[in-house]
Amino acid sequence: MAGERILLVEDAIEVRRFLAESVLASAGYDVLTAANGEEGFTLARDLRPDLVIADYLMTGMTGLEMLAALREAGIALPFILITAEGSEALAVEALRLGVNDYLIKPFDPDDLLAAVARVLREHWTRQITEHIPAQLLAANRQLEQRLRDLDTLVQFGQRVTSTLDLQPVLDHVVQAATAITRAESGILLLADEATGELVLCAATEPQLETGNTRRILVSDSAAGEVMRRGTPLVLTDVHAREIDTDFFFRDLAYVPLLFHSRPIGVLGVANQTASTGFEPATLQLLSVLADFAAIAITNARLHEATVHERDTLDTVLRDTEDAIILVDLQGHVLLCNPAACRTFGLAGEAVIGQSLQAVTDHEGLRELFLKEARTGRLRTTELVVDDGARTLNAHLTFVDGVGKIAVMQDITHLKELDRIKSEFVTTVSHDLRSPLTAILGYLELLRRAGSLNSSQEDFARRIINSVQSITTLITDLLELGKIEAGFDQDREVVVLPPIVESAVEERQHEWEAKQHTMEVELPAALPPVLGHPLRLRQLVSNLLENAIKYTPDGGRVRVTLEANGDFLVLRVADTGIGIPQKDQPYIFDKFYRTDQAIDHYRGTGLGLSIVKSIVEQHHGRIWVDSEPGKGSTFTVMLPAYDSDR
Ligand code: ADP
């Protein structure tokens, strides 16, 4: 370091000038000069230079006398003596008076500079050590220690975030805890929520067995208390005591591992042989470490759980018989399980990331994923595969932010059972008609055979009513059988308003008999639908029949048609008895009737099944909105026919 002020006291002018200008000033020092001891003394006393260099022998006061005078005046300045005569006695005297260095003429200017630098350095060091209070030095040492601890914390953080396996994380935690607290040993206990116990999961002492074997009750242990309270526990200078984990200690500190303020375990450090206690700052660091540890442990656990779940999901997807295909929002395949690959002849991994439309030519599958975008969030359809040998029931779901997933279940055997059942019902229904016709015929003959008394007439009427109920049931069953079997597949372009009008007209005597107000709203320009006119009429007629039937006299029935996007919407609303919420999911099932309907209204429970089948055959949707006592609105959406498509 240069820039310090040096007082050079030398009576030989040449030497003075040379040393002052060519040596010291050139080296960057601020040089004062004096030509004799008296002048040197005055300057040193008044200006207090950082260093005095004085010649020993000068006219008047010698260099040493000047130094002695300064000492006398209580002024201690670093001092270098230069002399032409080097004697033992002078050296001793100089040292006694506190000269810091001693150079004998002639000397190399570099030796002087080296002496100046050394004396100044020693002087500053002495100044620092003499003047900086001991506390500051202690604080400095502490600070250095804290820095080292923080460094350990940082390293710990790096180590635990770079691993996602739980056990290494736990081992790092106890090691870091013992390093930071300078304790002899460390342990880590994690809560087992299922049993309410703490399990020793990591320890620095190899003789402590970790794993499931060592368990501590939360309700009855010091560590458990830390868990329950969520606050640290510190015991110092205890006379060798055994606690929780069967080891003896002199000092012990337990801190809770808190994740979102919820304790998930306890981190402990202990001294077994000598009690050194734990400083508050150290405990604070231990708590910080515990916070890190709780996050790292939770991350590692989440990672383990995620890996486990993913493996389970992989197994399920691999082994399930259901075909599953997931595409992203752009229609690229994200997942295609082995069953789907087998069914649609897709080349496994190779199709991942490809456009589904490009990798399959199965029309039904392509359409399923294409149409969904236009028609709503969930779509169910049947797909025929293996050249008609198998039928799959496909459910397509739109998953927000992910894409679309289709789950396809083989229902070939169910279809076969259904076909056998329908065939059976059709045969039985058909065969029942003949005897019923005979019953009606004979009842008619009975009347003609002679007059019946009033009770006989009453019985005959009841028989006719019952036979008519059975006939309606059989007719409905046969109708349903036909629709479900897909007999009426002929399609033509159908304009709906005239169909609705004729159905309303057909039922006129019924709604008039019940004094209902019938409102019909049919806009002039509506797109047609592609369908079966008779079945569509049956659909409207059945809904109207129910609306009229289930509305007490003097009610209101309203039929409307409107276009909505690519659909035609038919609504049949009434002000009738309504349908309880609990029954609404089932009213389209065969033979399902509400309690109120069973008790007070005649019916077969097949009308809405027929309606639903017709709607499905026309690729439409139907649902009901209803409130008991207020009325019901049945809504049917049918795809509009677009001649351009
Ligand atoms: P049903 O021959 O009993 O009318 P449906 O299949 O047509 O059979 O209807 C099933 C059940 O749904 C009915 O029994 C009735 O409980 C209920 N339901 C249908 N339409 C209406 C309606 N408009 N108002 C109230 N309940 C209705």
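Calculation notes
- Residues numbered from 1 in each chain as written.
- Predicted model: local features only at pLDDT ≥ 70, side-chain atom pairs only at ≥ 80, totals over all residues.
- Heavy atoms only, no water.
- Helix = DSSP H or I, 4+ residues; strand = E, 2+ residues; numbered from the N terminus.
- Rg over C-alpha atoms; globule rule 2.2 N^0.38 Å.
- Buried < 20%, exposed > 50% of the residue type's maximum accessible area, 1.4 Å probe, protein only.
- Contact = heavy atoms within 4.5 Å.
- Areas by Shrake-Rupley, 256 points an atom, 1.4 Å probe, with all protein chains shown as cover.
- Lys, Arg positive; Asp, Glu negative; His and termini not counted.
- Charge placed at Lys NZ, Arg CZ, Asp CG, Glu CD.
- 1 Å grid on protein atoms, 1.4 Å probe; cavity = no way out; pocket = protein on both sides within 12 Å on 5 of 7 lines; lining within 4 Å.
- Points joined across faces, edges and corners; volume = space filled by probe spheres on them.
- Nonpolar A, V, L, I, M, F, W, Y, C, P; charged D, E, K, R; others polar.
- Domains from an automatic or database assignment.
- Pairing = 2+ DSSP bridges.
- Axes fitted to C-alpha atoms, helices over the stretch in contact; angles between N-to-C directions.
- Near = heavy atom within 4 Å.
- Polar contact = N/O pair within 3.5 Å; in protein donor to acceptor, adjacent residues only side chain to side chain.
- Parallel < 35°, antiparallel > 145°, perpendicular 65-115°, else oblique.
- Left-handed = near helix turned anticlockwise from the far one by under 90°.

**Student:** Can you tell me about the overall build of the chain, naming the residues and giving the values?
**Tutor:** Per the secondary structure count, the chain includes 19 helices and 25 strands. For 645 residues, the compact-globule estimate of 2.2 N^0.38 gives 26 Å, and the C-alpha radius of gyration of the chain, at 52 Å, exceeds that figure by more than 25%. Taken along the three principal axes of its C-alpha coordinates, the chain extends 175 × 65 × 55 Å. Expressed as a percentage of the 645 residues in the chain, the buried residues total 41%. Residue pairs in contact within the chain that sit at least 24 positions apart in sequence constitute 59% of those at least 6 positions apart. Carbon and sulfur atoms form 54% of the exposed surface of the chain, whose accessible area is close to 34,600 Å². Distance from the positive charge centre (60 side chains) to the negative charge centre (94 side chains) of the chain: 8 Å.

**Student:** Describe in detail the layout of surface pockets, supporting the description with residues and values.
**Tutor:** Rolled over the atoms, a probe with the dimensions of a water molecule shows which regions are left empty. Of the volumes computed, that of the second largest pocket is approximately 890 Å³. Around the second largest pocket, the lining comprises 40 residues; the ones closest to its centre are Glu545, Asn546, Lys549, Thr604 and Gly607. Mapped onto the lining of the second largest pocket, the elements with two or more residues apiece are α14 (454–485), α17 (533–549), α19 (607–617) and β25 (631–639). It is α17 that contributes the most residues to the lining of the second largest pocket, eleven residues altogether. In the lining of the second largest pocket, the residues fall into 13 nonpolar, 15 polar and twelve charged. Looking at which domains feed residues into the lining of the second largest pocket, each of domain 4 (414–485) and domain 5 (492–639) gives three or more.

**Student:** How would you sum up the sheet that holds strand β20 (residues 517–521)? Please name residues and give values.
**Tutor:** Pairing in this open sheet of five strands is mixed, and the strands run β20-β22-β23-β25-β24 from one edge to the other. Each having just a single partner strand, β20 and β24 (621–627) make up the two edges of the open sheet. Pairs of neighbouring strands in the sheet enclose a mean axial angle of 10°, with direction left out of account. Inspection of the sheet shows strand β22 (residues 556–564) paired to strand β23 (residues 567–574) by eight bridges, in the antiparallel sense.

**Student:** Kindly report on the site of the ligand, identifying the contributing residues and their values.
**Tutor:** Taken together, 21 residues lie near the ligand, and Asn546, Tyr550, Arg593, Thr594 and Leu608 sit nearest. One of the side-chain N or O atoms of Asp574 is found 2.8 Å from a nitrogen atom in the ligand. Interatomic distance of 2.8 Å between a backbone N/O atom of Leu608 and an oxygen atom of the ligand. With the chains in place, 98% of the 520 Å² that the ligand exposes on its own is no longer accessible.

**Student:** So what's going on with the packing of α14 against α19? Residues and values would help.
**Tutor:** When two helices pack together, you describe them by how their axes are tilted relative to each other and by the distance separating the axes. Relative orientation of the contacting elements α14 and α19 amounts to 20°, with a least axis distance of 10 Å. Judged by the inter-axis angle, α14 sits roughly parallel to α19. Judged by the twist between their axes, the crossing of α14 over α19 is left-handed. Between α14 and α19, the contacting residues are Asp476, Glu479, Leu480, Ile483 and Glu484 on the first element and Ser609, Ile610, Ser613, Ile614 and Gln617 on the second.

**Student:** Before we move on, can you summarise the environment of Asn542 with the specific residues and values?
**Tutor:** As for its position among the elements, Asn542 is in helix α17. Apart from the residues within four sequence positions on either side, Asn542 is in contact with Gly607, Ile610 and Val611.

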